[in-house]
Amino acid sequence: MDSSTLFGVSTMAYIVAMIIYITYLAFGKSQIGITATTVTIIGFISQTFAIGMRWVEFKNVGQMGWLRAAPFTNLYESLIFFVWCLILGYLIIEFKYKNRSFGAFVTPIAGLALAFIDLTGMDKGIHPLVPALQSNWLLVHVVMSFIAYSTFALAFSTGLMYLIMKTEKRSEPSYIFWTVSTGIFLVVLLAMGLDYLSFKVMIKNPDVLIKSFLFRASLLSNSPLVSLLSWIAAVVFIFMLWRYGHLLKKVIGSFSLSADILDDITYKSIAIGFPVFTLGGLIFGAIWADQAWGVYWSWDPKETWSLISWFAYAFFLHARLLRGWRGKKAAVVAVVGFVLVIFTYLGVNLLLSGLHAYGS
Amino acid sequence: MEKEKDKNITDKIWDLFASVKLAVVIFALISATSVVGTLLEQQAEPEKNVKVLVKMFGFDHETAHRVLGVLDSMHFTNMYHSWWFVAILLLFAANLIICSIDRLPRIVKLVKEPLKPLSEDHFKGFGIKKEVVLKGNPDKTKGAVSDAASKALGFHLTEVKEAHGYQLYSQKGNYTRLGVYITHFSILVILAGAVIGIFFGFKGFLNLPEGRPYSVAFARGSHMTDSAESERILGVLDTSAGNLSYAAKQLGLDEGTLRSKMRTYGIQPLGFLIRCDEFNVDFYGGTDMPKAYKSWLTVIKDGKEVLKKVIEVNNPLTYEGITFYQSSYGLIPGAGGNAIFRFKVSSKDGRAEVLDLKFGNTFAIPGTNLTGKIEDFSPAIGFDERTGRAFTYAEQLTNPAVYMNFFEGGNRKFGGWILKRYPETWKIPDGTVLEFAGIWGMQHTGLQVRKDPGVWVVYLGCIAMAFGLFTAFFMSHRKIWIKLVEEKNVTRVVVGASANKNRHAFEKKIDRMVGLLSKDREGGR
């Protein structure tokens with residue numbers, strides 16, 4: 001058995017767990033909940049082994065020491081690690097707060113991240129490290145960044161759940177906010193799925209990167225008709241989500257999940273993630289950049305977007321601690337913050353160029 | 001509090017700078033402008049950004065040019081160095097400083113003020129409230145309470161006598177309230193470090209050819225071929241081994257004028273000589289994936305070799321505050337004729353010899369009556385899959401090879417390509433092994449050169465930030481008051497406590513303390 005088999009097992013486990021968690025949310029039987037947790041743990045264990053095995057494989061291919069052979073060096077590996085951190089964080093919360101329903105919101109993020117790997121057809125191969133990445137800073141910088149990203153992802157899902165639970169009217173700004181932003185998120189995902197399908201059918205040349213085909217199958221299609229129809233479909237989809245979003249509220253509302261706990265988890269996740277992100281992501285990143293490139297800060301797109309995300313969470317903390325922002329307002333900031341993090345992480349790699357362009 | 005209308009203009013400006021609102025506006029400004037700055041490639045050729053605009057916004061070429069022109073006039077193509085971006089950063093610093101000055105005295109007072117016993121009413125308002133009744137009067141029970149607090153919380157309680165008993169109280173972590181200010185202060189330190197770097201530092205590059213020492217580096221964006229004068233200065237510097245006063249005399253200038261001219265041309269004197277003895281790329285196995293870029297550097301000061309180091313990416317060389325980073329490499333144009341090819345020749349009988357050859361040289365192969373000649377060279381040789389014909393596939397020394405012919409008594413016996421990276425090509429038909437050991441004098445190493453006396457200030461700021469964040473988020477200010485009230489042979493113990501962060505954890509500890517007391521318990525809750 002090799003690491004890719006185990007990665008496959010964990011991907012399957014998370015997707016199955018997602019379905020069971022959602023079933024659990026709908027029926028509320030504790031046996032179903034225990035099954036969901038068990039499946040998640042199985043997925044987590046096999047993923048842990050898979051990462052360990054990939055570490056060994058990577059060490060052998062790259063002919064280097066253990067510290068440098070951390071398999072977190074490209075988009076594929078970092079997504080895998082992100083999911084691992086996210087599930088770990090979720091399991092900790094599940095045991096601490098003795099509440100499983102939250103799983104129905106975290107496992108989809110894990111599932112989506114893993115599906116995204118296949119949707120974009122990203123390279124899964126093990127490649128030895130380019131010289132710039134051969135540094136002991138790689139391990140700390142990447143590990144800490146992803147721990148922070150995962151806590152931000154948790155804050156995002158609790159924030160979103162809070163908004164779903166607490167918004168009443170369709171005219172309410174925070175209701176419009178969560179339905180529209182979730183809608184855009186899903187539309188982008190669907191559009192990328194279409195890109196993937198058309199890419200697989202049309203382009204046989206392996207040298208052509210899917211990157212340059214982003215949204216070409218739908219929203220940015222060369223054919224005006226396809227493009228127009230896609231935009232209409234997207235708008236209709238978002239409208240439907242806005243129109244029927246309250247149904248989701250009923251589902252969550254039927255469950256014994258206190259909004260205060262959600263608010264608390266949102267704050268705590270960010271309060272842990274922010275210092276970790278500052279230290280591991282920004283400071284260690286700067287020290288490493290200083291050693292490798294001779295500049296600790298060069299306003300490279302990745303750095304700049306990290307700073308923008310950092311500002312968003314700094315704002316969250318100041319608003320909460322100085323102005324007592326809680327509830328809906330805080331939840332909106334947590335959601336926006338994570339959208340920025342996603343862009344920092346994926347958008348910059350896919351759309352912009354710069355020194356951090358290893359992941360593309 | 002002052003009335004709004006009593007405030008004069010200075011107060012109003014002060015209040016503005018002390019407000020979180022301004023901070024939010026500045027965050028938003030930095031973020032919004034930075035978004036534009038990441039979309040446009042900074043300090044790039046205009047054509048590149050025109051392409052970006054065409055691709056992202058679907059402009060036609062002409063519109064894109066016009067839009068770029070407007071953005072360029074607003075400095076968006078080099079925005080992080082523009083006056084207005086620096087102004088925003090300064091505003092940010094001012095905001096941080098004034099915010100801190102505004103709030104610090106109150107916080108310092110809060111931190112330094114010793115805890116006082118509380119009145120009865122205050123006990124009702126605590127987030128953490130416990131009550132328990134113990135056997136015996138307060139004089140007897142207060143010892144047990146102090147012990148329990150010390151065991152469960154690590155608190156040493158101060159004791160005061162009250163009308164019906166005692167009050168015990170203590171606090172911990174009052175200094176953690178300063179964590180926020182340490183964090184804010186650290187940002188200022190980092191900005192100060194950056195400013196030091198801008199004013200007293202230097203950022204440049206140097207394409208250093210193998211074997212030729214340089215005494216200067218070049219500022220980014222400067223071109224060494226800018227003018228005849230800069231060429232002449234460089235030429236003289238080259239012959240004077242970096243000695244500026246000597247070079248100035250040669251040019252008929254005084255040293256100050258020479259220095260200022262050099263500054264105009266972006267030529268930065270190093271104060272010593274740097275030489276690249278060799279540059280080499282290691283590859284992973286049989287692939288063209290680079291494993292390491294290595295430059296063997298030597299620093300020469302006052303005619304003596306003072307430092308030798310092999311630098312790689314992530315492993316630079318620093319001398320006298322100037323750091324050299326491995327950043328790129330390339331072939332020196334037209335250097336092929338002077339390049340030296342090094343071969344380690346091992347003949348069949350086991351004798352070995354090193355030969356340094358040039359293009360076109362004829363040489364005798366030791367231990368045989370063969371002569372060899374280098375007839376052709378390719379920096380990156382590939383062979384056509386069908387015809388087997390050799391071709392060059394890259395303009396770097398990715399897969400260097402020489403074509404050698406071998407002669408005996410003037411007649412060509414055999415010949416072929418010898419590839420540096422492939423030992424199986426080193427053996428010639430008569431059994432001699434010609435190990436292709438190196439090529440010298442054909443490449444330059446591309447070095448990033450930096451002097452930044454502010455970097456240590458930045459690092460200090462980073463350490464302070466880590467420390468500040470840790471105290472601000474993971475440590476808390478905890479206070480506890482315990483009232484012991486005498487009631488007919490028993491003591492009613494009322495506990496009130498607070499923590500500015502992670503109250504839950506503190507409450508758990510207090511529960512443990514109450515649990516420790518419960519062996520003397522009489523009832524109650």
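Procedures and definitions
Residues numbered from 1 in each chain as written. Chains lettered and ligands numbered in written order. Predicted model: local features only at pLDDT ≥ 70, side-chain atom pairs only at ≥ 80, totals over all residues. Heavy atoms only, no water. Pairing = 2+ DSSP bridges. Helix = DSSP H or I, 4+ residues; strand = E, 2+ residues; numbered from the N terminus. Axes fitted to C-alpha atoms, helices over the stretch in contact; angles between N-to-C directions. Salt bridge = Lys/Arg side-chain N within 4 Å of Asp/Glu carboxyl O. Buried < 20%, exposed > 50% of the residue type's maximum accessible area, 1.4 Å probe, protein only. Parallel < 35°, antiparallel > 145°, perpendicular 65-115°, else oblique. Left-handed = near helix turned anticlockwise from the far one by under 90°. Contact = heavy atoms within 4.5 Å. Nonpolar A, V, L, I, M, F, W, Y, C, P; charged D, E, K, R; others polar. Domains from an automatic or database assignment. Buried area = accessible area lost by both parts, 1.4 Å probe. Polar contact = N/O pair within 3.5 Å; in protein donor to acceptor, adjacent residues only side chain to side chain. Patch = residues over 30% accessible without salt bridge, like charges linked within 9 Å, V, L, I, M, F, W, Y side chains within 5 Å. Areas by Shrake-Rupley, 256 points an atom, 1.4 Å probe, with all protein chains shown as cover. Expected span 1.5 Å × (residues − 1). pLDDT = per-residue confidence, 0-100.

Some words on the sheet that holds strand S4 (residues 202-209) of chain B
Residue and element names in this part refer to chain B. With antiparallel pairing, the 8 strands of this open sheet are ordered in space as S8-S7-S6-S5-S4-S20-S10-S9. Where the open sheet ends on each side, the last strands, each with one partner, are strand S8 (304-311) and strand S9 (317-319). When the angles between neighbouring strand axes are averaged without regard to direction, this sheet yields 40 degrees. Relative to strand S20 (residues 443-451), strand S10 (residues 322-331) runs antiparallel, the two sharing 9 bridges. Considered in S20, the bridge of Thr323 is made with Arg450.

Some points on the pattern of salt bridges
Residues and elements named next belong to chain B. Following the criterion strictly, the structure yields 28 salt bridges over all chains and no others. A salt bridge links Arg66 to Glu62, with the shortest nitrogen-to-oxygen separation between them at 3.8 Å. Of the two residues, Arg66 and Glu62 are both situated in helix H4 (residues 61-73); the distance of 4 residues between them amounts to about one turn of the helix. Taking the relative accessible area as the measure of exposure, Arg66 reaches 54% and is therefore exposed. What makes Glu62 exposed here is its relative accessible area of 54%. The partner of Lys130 in a salt bridge is Glu507, and the shortest N-O contact between them spans 3.3 Å. Taken together, the residues Lys130 in strand S1 (residues 128-135) and Glu507 in helix H12 (residues 503-517) connect sequence positions 377 residues apart. We classify Lys130 as buried; its relative accessible area is 19%. Since its relative accessible area comes to 22%, Glu507 is described here as partly exposed. Overlapping salt bridges, with partners in common, bring together Arg275, Asp277, Glu305 and Lys308 in one network.

A few points about the packing of helix H9 (residues 259-292) of chain A against helix H11 (residues 455-474) of chain B
In contact at an axis separation of 10 Å, H9 of chain A and H11 of chain B are set at 165 degrees when each is read in the N-to-C sense. One element, H9 of chain A, and the other, H11 of chain B, form an angle in the roughly antiparallel class. Handedness of the crossing formed by H9 of chain A with H11 of chain B: left-handed. Facing Ala271, Ile272, Phe274, Pro275, Thr278, Leu279, Ile283, Ile287 and Asp290 of chain A of H9 of chain A, the residues of H11 of chain B in contact are Val455, Tyr459, Cys462, Met465, Ala466, Leu469, Phe473 and Phe474 of chain B. Split into classes, the residues belonging to the contact of H9 of chain A with H11 of chain B amount to 15 nonpolar, 1 polar and 1 charged.

Some words on the domain arrangement of chain B
Residues and elements named next belong to chain B. The domain architecture assigned to chain B consists of domain 1 (2-110), domain 2 (115-173 + 476-523), domain 3 (189-330 + 445-461) and domain 4 (340-442). A separation of 35 Å is found between the C-alpha centroids of domain 3 and domain 4. Listed as interface residues are 12 residues of domain 3 and, on the opposing side, 11 residues of domain 4. Across the domain 3/domain 4 interface, buried area totals approximately 860 Å², and carbon plus sulfur atoms make up 41% of it. On the domain 3 side of the interface with domain 4, the three residues burying the most area are Glu210, Phe283 and Asp288, jointly 48% of the side's total. Across the domain 3-domain 4 interface, the total number found is 1 salt bridge. Note that Arg421 and Asp288 form a salt bridge whose closest N and O atoms lie 3.0 Å from each other. Between domain 3 and domain 4 we count 7 residue pairs in polar contact (both at pLDDT 80 or more) in total.

Quick word on the packing of H9 of chain A against helix H10 (residues 301-323) of chain A
All names here are of chain A. The contact between H9 and H10 brings their axes to 10 Å, and the two run at 145 degrees. Seen from above, H9 lies across H10 with left-handed handedness. Only Glu303, Ser306, Trp310, Tyr313, Ala314, Phe316, Leu317, Arg320 and Leu321 of H10 make contact with H9, whose side of the interface consists of Asp263, Thr266, Tyr267, Ile270, Ala271, Phe274, Phe277, Thr278, Leu282 and Ala289. In terms of residue class, the contact of H9 with H10 is made up of 13 nonpolar, 3 polar and 3 charged.

Some thoughts on the domain arrangement of chain A
Assigned domains of chain A: these are domain 1 (1-129) and domain 2 (170-245). Computed from C-alpha coordinates alone, the two centres of domain 1 of chain A and domain 2 of chain A are separated by 26 Å.

Describing a nonpolar patch on the surface
Residues and elements named next belong to chain A. Nonpolar side chains collect at one region of the surface, where Leu225, Leu228, Leu229, Ile232, Val236, Phe239, Met240, Tyr244 and Leu247 lie side by side and expose about 880 Å² of accessible area between them. Among the elements that line the nonpolar patch, the one with the most residues is helix H7 (residues 224-244), at 8 residues. Mapped onto the elements of the fold, Phe239 is located in helix H7. Looking at Phe239, the relative accessible area reads 45%, which means it is partly exposed.

Details of helix H7 (residues 179-200) of chain B
If you check H7 of chain B, its first and last C-alpha atoms are 31 Å apart, about what 22 residues at 1.5 Å a residue would give, namely 32 Å. Residues of H7 of chain B that are buried include every one of Gly179, Tyr181, Thr183, His184, Ser186, Ile187, Leu188, Val189, Ile190, Gly193 and Gly197 of chain B, and no others. In this structure, the buried residues of H7 of chain B make contact with H10 of chain A together with helix H5 (83-112) and H11 of chain B.

A short note on the confidence of the model for chain A
Here chain A averages 84 in pLDDT, while 92% of its residues score no lower than 70. Mean pLDDT across the secondary structure elements of chain A bottoms out at helix H8 (residues 246-253) of chain A, with 77, and peaks at H9 of chain A, with 93.

Regarding the interface of chain B and chain A
Contact residues are listed per partner, giving 43 residues for chain B and 43 residues for chain A. In this assembly, chain B packs against chain A so that about 3,800 Å² is buried in total across both faces, 69% of it on carbon and sulfur atoms. Taken as a group, Tyr284, Asn314 and Phe473 of chain B account for 17% of the area that chain B buries against chain A, more than any other trio of residues on that side. For Arg450 of chain B, the salt bridge identified is with Asp290 of chain A, shortest N-O distance 2.5 Å. Seen at the junction of chain B and chain A, the total is 13 residue pairs in polar contact (both at pLDDT 80 or more). Of all the secondary structure elements, the ones that give two or more residues to the side of chain B that touches chain A are helix H2 (20-39), H5, H7, strand S7 (290-301), S10, S20 and H11 of chain B. When its residues are assigned to classes, the side of chain B that touches chain A shows 29 nonpolar, 9 polar and 5 charged.

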